[in-house]
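Each chain, written out:
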Amino acid sequence: MNYTCFVNACRYCLAVSLTFCSLGSVQAKDVNVGSFGVKADGKSDNTSAIQRAIEECARTGGGQVIFAPGQYVSGQIQLRSHVTLNLQKGAELQGSVRYTQDYPNRAFVFADGAEDIGITGGGTINGRGGHPDVKAQGFVVNDSKRPNLITLRDCKNVRITDVNLVQSGSWTLRLFRVDGAIIDRINLRSLDQGNNDGIDVDAKNVVISNCIIEAEDDGICLKSDDKNFMPENIVVSNCIIASNCNPIKFGTASYAGFRNVNITNCAIRRTTESVIWNWPKEYRGIKEGTLTGLAGIAIESADGGIIEHVNIQNITMEGIITPIFICLNHRHGDTGRIRDIYINNISACAEGVIPCLITGSSRQRIRDIVLRDIRVEHEGGEQPMNERLGESNGYPENRMFGHRNPAGGLYIRHAENVKVDNFVISQRQRDFRPAVVLDDVHHLTATDITSRNNQSQLVGVQGEVSDVSVNGTSY
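Our subject in this report is the structure included herewith. Just so it is clear, the model here is predicted, and its values are computed rather than measured. (Residues numbered from 1 in each chain as written. Predicted model: local features only at pLDDT ≥ 70, side-chain atom pairs only at ≥ 80, totals over all residues. Heavy atoms only, no water.)

## Some thoughts on the overall build of the protein chain
- Looking only at helices and strands, the protein chain features 3 helices and 31 strands.
- Taking 2.2 N^0.38 as the reference for a compact globule, 475 residues should give roughly 23 Å; the C-alpha atoms of the protein chain span a radius of gyration of 23 Å, in line with that estimate.
- Taking the principal axes of its C-alpha atoms as reference, the protein chain extends roughly 75 × 45 × 35 Å.
- Here the protein chain holds 475 residues, and 60% of them are scored as buried.
- For the protein chain, the share of sequence-separated contacts (at least 6 apart) that also reach a separation of at least 24 residues comes to 76%.
- Surface accessibility of the protein chain: about 17200 Å² in total, with carbon and sulfur atoms responsible for 44%.
- Averaged over its 48 positive side-chain charges, the protein chain has a centre that lies 2 Å from the centre of its 53 negative ones. (Helix = DSSP H or I, 4+ residues; strand = E, 2+ residues; numbered from the N terminus. Rg over C-alpha atoms; globule rule 2.2 N^0.38 Å. Buried < 20%, exposed > 50% of the residue type's maximum accessible area, 1.4 Å probe, protein only. Contact = heavy atoms within 4.5 Å. Areas by Shrake-Rupley, 256 points an atom, 1.4 Å probe, with all protein chains shown as cover. Lys, Arg positive; Asp, Glu negative; His and termini not counted. Charge placed at Lys NZ, Arg CZ, Asp CG, Glu CD.)

## Considering the pairing of strand 8 (residues 107–112)
- Where burial is concerned, most of strand 8 is hidden: 5 out of the 6 residues are buried.
- The pairing of strand 5 (residues 77–78) with strand 8 spans 2 bridges and is classified as parallel. Directly across from Gln78, in strand 8, lies its bridge partner Phe110.
- Here strand 8 pairs with strand 11 (residues 148–153) via 5 bridges, running parallel. Note on strand 11: the bridge partner recorded for Ala111 is Leu152. (Pairing = 2+ DSSP bridges.)

## A few points about the side chain of His378
- Mapped onto the secondary structure, His378 falls in strand 26 (residues 366–380).
- The residues touching His378, leaving out its near neighbours within four places in the chain, are Ile321, Pro323, Ala350, Gly352, Ile354, Pro355, Gly408, Gly409, Ser426, Gln427 and Arg428.

## Focus on the environment of Thr47
- When you line up the elements, Thr47 lands in helix 2 (residues 47–59).
- Exposure remark for Thr47: the relative accessible area of 19% places this residue in the buried category.
- Spatially, the C-alpha atom of Thr47 lies 5.3 Å from that of Gly75, the residues being 28 residues apart in sequence.
- Residues in contact with Thr47, not counting those within four places in the same chain, are Val73, Ser74, Gly75, Gln76 and Ile77.
- Polar side-chain contacts of Thr47 include one of 3.5 Å to the side chain of Ser74. (Polar contact = N/O pair within 3.5 Å; in protein donor to acceptor, adjacent residues only side chain to side chain.)

## Side note on helix 2
- With 13 residues, helix 2 extends 18 Å from end C-alpha to end C-alpha; this agrees with the ideal 18 Å at 1.5 Å per step.
- Among all positions in helix 2, only Thr47, Ala49, Ile50, Gln51, Ala53, Ile54 and Cys57 are buried.
- With its phi angle positive at about 110°, Gly61 sits one or two positions after the end of helix 2. (Expected span 1.5 Å × (residues − 1).)

## Quick notes on the environment of Val424
- Mapped onto the secondary structure, Val424 falls in strand 27 (residues 410–431).
- Sequence-wise, Val424 and Ile183 are 241 residues apart; in three dimensions their C-alpha atoms are separated by 34 Å.
- Beyond its immediate stretch of four places on either side in the chain, Val424 contacts Ile374, Arg375, Val376, Thr450 and Arg452.

## Topic: the environment of Lys145
- Checked against the element boundaries, Lys145 lands in the loop between helix 3 (132–135) and strand 11.
- Sequence-wise, Lys145 and Gly169 are 24 residues apart; in three dimensions their C-alpha atoms are separated by 9.0 Å.
- Aside from chain neighbours lying at most four places away, what touches Lys145 is Thr100, Arg106 and Phe139.

## With respect to the pairing of strand 21 (residues 295–301)
- Among the 7 residues in strand 21, 7 count as buried, and that is most of the element.
- As paired strands, strand 19 (residues 248–254) and strand 21 are joined by 3 bridges and run parallel to one another. Of the residues in strand 21, the one forming a bridge with Lys249 is Ala298.
- When strand 21 meets strand 23 (residues 322–328), the two strands line up parallel, connected through 6 bridges. Each bridged residue has a counterpart across the sheet, and for Ala298 the counterpart in strand 23 is Phe325.

## Focus: the packing of aromatic side chains
- Counting across every chain of the model gives 7 aromatic pairs.
- Between Phe67 and Tyr72, the aromatic rings sit 5.1 Å apart at their centres with planes inclined by 85°, giving edge-to-face as the arrangement.
- With centroids separated by 5.9 Å and ring planes inclined at 45°, the aromatic side chains of Tyr99 and Phe139 adopt a geometry described as tilted. In this pair, Tyr99 sits in the loop between strand 7 (91–95) and strand 8 while Phe139 sits in the loop between helix 3 and strand 11, placing the two residues 40 residues apart along the sequence. With respect to burial, Tyr99 and Phe139 carry one shared label: buried.
- An aromatic cluster of three or more residues is present, and its members are Tyr99, Tyr103, Phe108 and Phe139.
- Positioned over the ring face of Phe401 is Arg413, at 4.9 Å from the centre of the ring. (Phe/Tyr/Trp six-rings, centres within 6.5 Å; stacked < 30°, edge-to-face > 60°. Lys NZ or Arg CZ within 6 Å of the ring centre and 35° of its normal.)

## What about unusual backbone geometry?
- Here the residue pair Tyr99 and Thr100 is connected by a cis peptide bond, since its omega of 0° sits within 30 degrees of zero.
- Of note, Thr100 is situated in the loop between strand 7 and strand 8.
- With omega at 5°, the peptide bond leading from Gly251 into Thr252 counts as cis.
- Checked against the element boundaries, Thr252 lands in strand 19.
- Even without a glycine there, the phi angle at Asn260 is positive, about 60°.
- Mapped onto the elements of the fold, Asn260 is located in strand 20 (residues 257–269).
- With relative accessibility at 10%, the residue Asn260 sits in the buried group.

Below you can see the structure in the form of structure tokens.
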């Protein structure tokens, strides 16, 4: 594992933080939106007046655009270089409910090519995605019509801290080809529409820390939509994440890939509601009314990208189905690579019966994977499944191979150079599947594999394997 890259990423982000401090004190001139005729009455359209305040702040050297306590309704506003929105505690910037005409760039707060920008202050940005007038327009999942709460494109030196982000129309915080971002102490809640992702990171040199995220769709999601831009040097720490899909996700968009990613000390919990998904109707072994996401950690290369040098440690999970899902496939024809993944100290209480999945492609194996100190609990209660899973190159998700799996705890296919140490599998009901199933696996060493309430052999082999040892037994 190349830890030097992670150290360098942290040093870079510290330098970015110091740069913010210095830039913010040079020729800064703060403005108050009230001086530009902005009304905090919760009904007036303030779009033009707020934009004038931003333009004036930028023209005079930058600084803070200050919102005193109150409710400010607006359509899309655009940040300019060297400008920070300061929403004071008690201030709420409310989005227009006239979707989509008031959002020409599909975003409430938008920036394009700006530098040294930020949002702070303790207040709230509310996209009002759950407003009755929005719901009445009948938007559906993946319609690509609703606005994101915040979209920052081709920006540098971004800082978003101490702010509440709620009720987005679509994705909540979208960083696209951003270089240098600090996201700290944000409270995010978006559960009103389909595609309500939390933080979407298609960026490099990023630190996300101390955030509480509750999302209808993916929680913290690394995306790679531009094959000429590699998201890299990304650090996530000390966050609480709830998602009705995948709390921590790499992909699905993965054209360039991701590298040098460090995720540590996070807690994954259940959401408080789900307005779109009802997973108990679609998955086996989940009681009706149970709120759950899909995969706690999902690492997916489906578009030809390279995912490498990933370190994920100290994660607790509940309210998920599959604790770890690593998938390499080729939905558009190009096959990427997944390698050098280190996952350590994971404790998961899972719903349903789909185990941890590590599955490469018949074209390309996943390689150089380390799983250490993993404790997973499943529902269990499954009968043996002797048939091999079919291949799938569709949308990568933990159910892409069907709603059954031959393994009770860990399924590995099309992989090489794998190390597993201290992997504990517990079933709440007696389970008659092998705890571990291997298919086209080469050069695997597994030690201290324990299975509780399992009524079958520890290891099942399907397809060719070579140089495989589990608890000292060769296969």
